[in-house]
Amino acid sequence: MNEHCWVRILTLVLLNITLSNGFVTIVPIISKMDCKFNARIINLTCTLNKPNTFINQTVSMEMEIMREVKDVKLAAAYYVVSESGDSSRLVQRTVDLCSYVRHPNRDRLVKVIFDRLKEKGNHFVTKCPIPRNEKFYIRNLRLTSVQIPGFIPESSFIFENIYQIGALFEPAVEIRYYGKLVRVMNKDLQKPRT
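Keep in mind the model is a prediction, meaning the values are calculated, not measured.

A. Looking closely at the overall build of the protein. For the protein, the helix and strand inventory stands at three helices and eight strands. Each helix and strand of the protein, ordered N terminal to C terminal, gives the series α-β-β-β-β-β-α-α-β-β-β. When the 194 residues of the protein are sorted by exposure, 40% land in the buried category. Within the protein, contacts between residues separated by at least 24 positions form 66% of all contacts whose residues are at least 6 apart in sequence.

Dropping the structure here:
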(Lines give C-alpha, C1' and ligand atoms only; values in the text may rest on other atoms or scores of the structure.)
Protein backbone atom coordinates (compact mmCIF):
# COMPACT_ATOMS: atom_id res chain seq x y z
CA MET A 1 0.00 0.00 0.00
CA ASN A 2 1.20 3.49 -0.69
CA GLU A 3 1.56 6.16 2.00
CA HIS A 4 -1.62 7.98 0.93
CA CYS A 5 -3.65 4.80 1.45
CA TRP A 6 -2.16 4.29 4.93
CA VAL A 7 -2.94 7.89 5.85
CA ARG A 8 -6.56 7.47 4.79
CA ILE A 9 -6.89 4.21 6.74
CA LEU A 10 -5.29 5.75 9.84
CA THR A 11 -7.51 8.83 9.59
CA LEU A 12 -10.67 6.75 9.31
CA VAL A 13 -9.66 4.58 12.23
CA LEU A 14 -8.81 7.55 14.46
CA LEU A 15 -11.97 9.44 13.57
CA ASN A 16 -14.49 6.60 13.65
CA ILE A 17 -13.28 4.01 16.15
CA THR A 18 -12.95 4.56 19.84
CA LEU A 19 -11.57 1.36 21.31
CA SER A 20 -11.71 2.65 24.86
CA ASN A 21 -15.53 2.52 24.84
CA GLY A 22 -15.40 -1.26 24.36
CA PHE A 23 -14.89 -4.06 26.83
CA VAL A 24 -11.20 -4.48 26.02
CA THR A 25 -8.76 -1.80 24.89
CA ILE A 26 -5.15 -1.67 23.73
CA VAL A 27 -2.78 0.55 25.71
CA PRO A 28 0.91 1.42 25.38
CA ILE A 29 3.36 0.55 28.13
CA ILE A 30 6.59 2.49 27.67
CA SER A 31 9.80 0.87 28.91
CA LYS A 32 12.16 3.63 27.75
CA MET A 33 12.04 7.08 26.18
CA ASP A 34 15.13 8.55 24.45
CA CYS A 35 15.28 12.29 23.83
CA LYS A 36 18.02 13.96 21.82
CA PHE A 37 18.14 17.61 20.87
CA ASN A 38 20.34 20.18 19.19
CA ALA A 39 21.17 22.65 21.99
CA ARG A 40 21.84 25.43 19.46
CA ILE A 41 18.16 25.26 18.43
CA ILE A 42 16.21 24.05 21.45
CA ASN A 43 16.52 23.21 25.13
CA LEU A 44 14.52 20.09 25.98
CA THR A 45 13.73 18.12 29.11
CA CYS A 46 11.88 14.79 28.82
CA THR A 47 10.49 12.77 31.70
CA LEU A 48 8.92 9.32 31.67
CA ASN A 49 7.19 8.81 35.00
CA LYS A 50 6.96 5.06 35.61
CA PRO A 51 5.06 4.46 38.84
CA ASN A 52 4.41 1.00 40.26
CA THR A 53 1.56 0.47 37.81
CA PHE A 54 1.46 1.10 34.06
CA ILE A 55 -2.02 2.62 34.43
CA ASN A 56 -0.51 5.81 35.90
CA GLN A 57 2.49 6.07 33.53
CA THR A 58 2.92 9.65 32.22
CA VAL A 59 5.15 11.66 29.88
CA SER A 60 6.18 15.29 30.41
CA MET A 61 8.29 17.57 28.20
CA GLU A 62 9.52 21.16 28.58
CA MET A 63 10.92 22.92 25.50
CA GLU A 64 12.42 26.34 24.86
CA ILE A 65 13.42 27.60 21.40
CA MET A 66 16.95 29.05 21.50
CA ARG A 67 16.86 30.82 18.11
CA GLU A 68 14.20 31.82 15.60
CA VAL A 69 12.97 28.86 13.56
CA LYS A 70 11.38 29.51 10.16
CA ASP A 71 10.46 26.02 8.94
CA VAL A 72 9.60 22.90 10.94
CA LYS A 73 8.88 19.41 9.65
CA LEU A 74 7.76 16.49 11.81
CA ALA A 75 8.67 12.99 10.66
CA ALA A 76 6.85 10.32 12.67
CA ALA A 77 7.22 6.55 12.26
CA TYR A 78 5.82 3.51 14.05
CA TYR A 79 7.81 0.26 14.03
CA VAL A 80 6.62 -3.18 15.08
CA VAL A 81 9.39 -5.11 16.88
CA SER A 82 9.41 -8.90 16.64
CA GLU A 83 10.42 -11.26 19.45
CA SER A 84 13.82 -11.67 17.74
CA GLY A 85 14.36 -7.90 17.95
CA ASP A 86 13.89 -7.16 14.25
CA SER A 87 11.81 -4.09 13.49
CA SER A 88 9.63 -3.26 10.51
CA ARG A 89 8.05 0.11 9.82
CA LEU A 90 4.26 -0.05 9.82
CA VAL A 91 3.44 3.66 9.38
CA GLN A 92 5.48 6.73 8.44
CA ARG A 93 4.31 10.29 8.03
CA THR A 94 6.00 13.65 7.43
CA VAL A 95 4.15 16.89 8.14
CA ASP A 96 5.15 20.49 7.44
CA LEU A 97 4.08 22.06 10.74
CA CYS A 98 4.22 25.65 9.48
CA SER A 99 1.92 24.75 6.58
CA TYR A 100 -0.39 22.99 9.04
CA VAL A 101 -0.54 26.13 11.23
CA ARG A 102 -1.69 28.16 8.23
CA HIS A 103 -4.27 25.53 7.10
CA PRO A 104 -5.13 23.16 10.01
CA ASN A 105 -8.23 21.67 8.39
CA ARG A 106 -6.29 20.35 5.40
CA ASP A 107 -4.82 17.48 7.41
CA ARG A 108 -7.47 15.77 9.54
CA LEU A 109 -5.09 13.15 10.95
CA VAL A 110 -2.64 15.72 12.28
CA LYS A 111 -5.54 17.78 13.63
CA VAL A 112 -6.91 14.82 15.61
CA ILE A 113 -3.50 14.07 17.15
CA PHE A 114 -2.50 17.63 17.97
CA ASP A 115 -5.93 18.58 19.31
CA ARG A 116 -5.49 15.75 21.84
CA LEU A 117 -1.97 16.91 22.75
CA LYS A 118 -3.11 20.52 23.21
CA GLU A 119 -5.40 19.33 26.00
CA LYS A 120 -2.26 18.50 28.01
CA GLY A 121 -0.19 21.58 27.38
CA ASN A 122 1.15 24.26 25.13
CA HIS A 123 2.67 21.68 22.83
CA PHE A 124 2.01 22.98 19.41
CA VAL A 125 3.44 25.55 17.06
CA THR A 126 0.87 28.35 16.63
CA LYS A 127 2.82 30.61 14.27
CA CYS A 128 5.81 30.58 11.97
CA PRO A 129 8.50 31.66 12.24
CA ILE A 130 8.74 30.45 15.83
CA PRO A 131 10.36 33.24 17.86
CA ARG A 132 13.42 32.83 20.04
CA ASN A 133 12.55 32.01 23.70
CA GLU A 134 9.15 30.50 22.75
CA LYS A 135 8.21 27.75 25.22
CA PHE A 136 6.22 24.58 24.68
CA TYR A 137 5.30 21.84 27.12
CA ILE A 138 3.35 18.65 27.72
CA ARG A 139 2.72 17.84 31.35
CA ASN A 140 1.60 14.51 32.74
CA LEU A 141 0.18 13.02 29.55
CA ARG A 142 -1.27 9.74 30.79
CA LEU A 143 -0.29 7.09 28.26
CA THR A 144 -3.34 4.89 28.84
CA SER A 145 -5.48 7.82 27.63
CA VAL A 146 -3.89 7.66 24.17
CA GLN A 147 -6.27 5.92 21.77
CA ILE A 148 -4.52 3.29 19.67
CA PRO A 149 -5.84 2.65 16.12
CA GLY A 150 -7.41 -0.78 15.73
CA PHE A 151 -5.09 -1.94 12.93
CA ILE A 152 -1.93 -1.56 15.07
CA PRO A 153 -1.02 -5.05 16.32
CA GLU A 154 -0.50 -5.99 19.95
CA SER A 155 3.31 -6.19 20.01
CA SER A 156 6.52 -4.49 21.03
CA PHE A 157 7.11 -1.21 19.22
CA ILE A 158 9.29 1.82 18.62
CA PHE A 159 7.55 5.13 17.97
CA GLU A 160 9.76 7.98 16.80
CA ASN A 161 9.21 11.70 16.31
CA ILE A 162 11.89 13.72 14.57
CA TYR A 163 11.53 17.49 14.29
CA GLN A 164 13.65 18.98 11.50
CA ILE A 165 14.24 22.62 10.60
CA GLY A 166 15.32 24.62 7.59
CA ALA A 167 15.86 23.74 3.96
CA LEU A 168 18.46 21.11 4.90
CA PHE A 169 16.11 19.38 7.38
CA GLU A 170 18.57 19.73 10.25
CA PRO A 171 17.41 17.53 13.17
CA ALA A 172 16.38 19.67 16.13
CA VAL A 173 14.67 17.02 18.29
CA GLU A 174 14.55 13.23 18.13
CA ILE A 175 12.26 11.36 20.52
CA ARG A 176 11.90 7.59 20.52
CA TYR A 177 9.49 5.61 22.68
CA TYR A 178 10.18 1.92 23.26
CA GLY A 179 7.45 -0.27 24.66
CA LYS A 180 4.70 -2.73 23.98
CA LEU A 181 0.99 -2.63 23.32
CA VAL A 182 -1.15 -4.81 25.56
CA ARG A 183 -4.86 -5.57 25.79
CA VAL A 184 -6.49 -4.71 29.10
CA MET A 185 -9.99 -4.77 30.50
CA ASN A 186 -11.54 -1.31 30.74
CA LYS A 187 -12.22 -1.81 34.44
CA ASP A 188 -8.43 -1.94 34.94
CA LEU A 189 -8.07 1.58 33.49
CA GLN A 190 -9.72 3.47 36.32
CA LYS A 191 -8.62 7.01 37.08
CA PRO A 192 -5.33 7.20 38.96
CA ARG A 193 -5.59 7.26 42.72
CA THR A 194 -4.62 10.47 44.46
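B. The arrangement of the pairing of strand β5 (residues 87-96) in detail. Of the pairings in the sheet, the one linking strand β4 (residues 72-81) to β5 comprises nine bridges and is antiparallel in character. Bridge assignment links V80 to a residue of β5, and that residue is S88. With antiparallel pairing between neighbouring strands as the criterion, β4 and β5 make up a hairpin whose turn holds five residues, including G85 at a positive phi of roughly 100°.

C. Looking closely at the side chain of N161. Positionally, N161 belongs in strand β7 (residues 156-165). Its relative accessible area of 11% is what places N161 among the buried residues. In contact with N161, other than residues within four places in its own chain, are L74, A75, A76, V173, E174, I175 and Y177.

D. Geometry of the pattern of salt bridges. Under the defined criterion, the tally for this structure stands at eight salt bridges. For D34, the salt bridge is made with K32, and the minimal N-O distance between the two is 3.9 Å. A relative accessible area of 29% means that D34 is categorised as partly exposed. Shared partners join several salt bridges into a network, and the residues in it are R40, R67 and E170.

E. Broad picture of the sheet that holds strand β2 (residues 42-49). A sheet is described by the order of its strands in space; here three strands give the open sequence β2-β3-β6, paired in antiparallel fashion. Among the strands making up the open sheet, the edge pair consists of β2 and β6 (135-142). Averaged over all pairs of adjacent strands, the angle between their axes in this sheet comes to 5°, without regard to strand direction. Taken together, the six bridges between strand β3 (residues 58-65) and β6 define a ladder with antiparallel strand orientation. Of the residues in β6, the one forming a bridge with E64 is K135.

F. A look at the sheet that holds β5. Reading across the sheet, the five strands line up as β1-β8-β7-β4-β5 and stay open at both edges, with antiparallel pairing between neighbours. Either end of the sheet is taken by a strand with one partner, and the two such strands are β1 (24-37) and β5. Mean inter-strand twist for the sheet, computed between neighbouring axes without regard to direction, equals 20°. Pairing between β1 and strand β8 (residues 170-185): 13 bridges, direction antiparallel.

G. Highlighting unusual backbone geometry. Between C128 and P129 the backbone carries a cis peptide bond, its omega angle lying at 0°. For P129, the location among the structural elements is in the loop between α3 (108-118) and β6. One non-glycine residue, N140, lies in positive phi territory at about 55°. If you check the backbone angles, F169 has positive phi at about 55° while not being a glycine. Tracing the sequence through the fold places F169 in the loop between β7 and β8.

Calculation rules
Residues numbered from 1 in each chain as written. Predicted model: local features only at pLDDT ≥ 70, side-chain atom pairs only at ≥ 80, totals over all residues. Heavy atoms only, no water. Helix = DSSP H or I, 4+ residues; strand = E, 2+ residues; numbered from the N terminus. Buried < 20%, exposed > 50% of the residue type's maximum accessible area, 1.4 Å probe, protein only. Contact = heavy atoms within 4.5 Å. Pairing = 2+ DSSP bridges. Salt bridge = Lys/Arg side-chain N within 4 Å of Asp/Glu carboxyl O. Axes fitted to C-alpha atoms, helices over the stretch in contact; angles between N-to-C directions.

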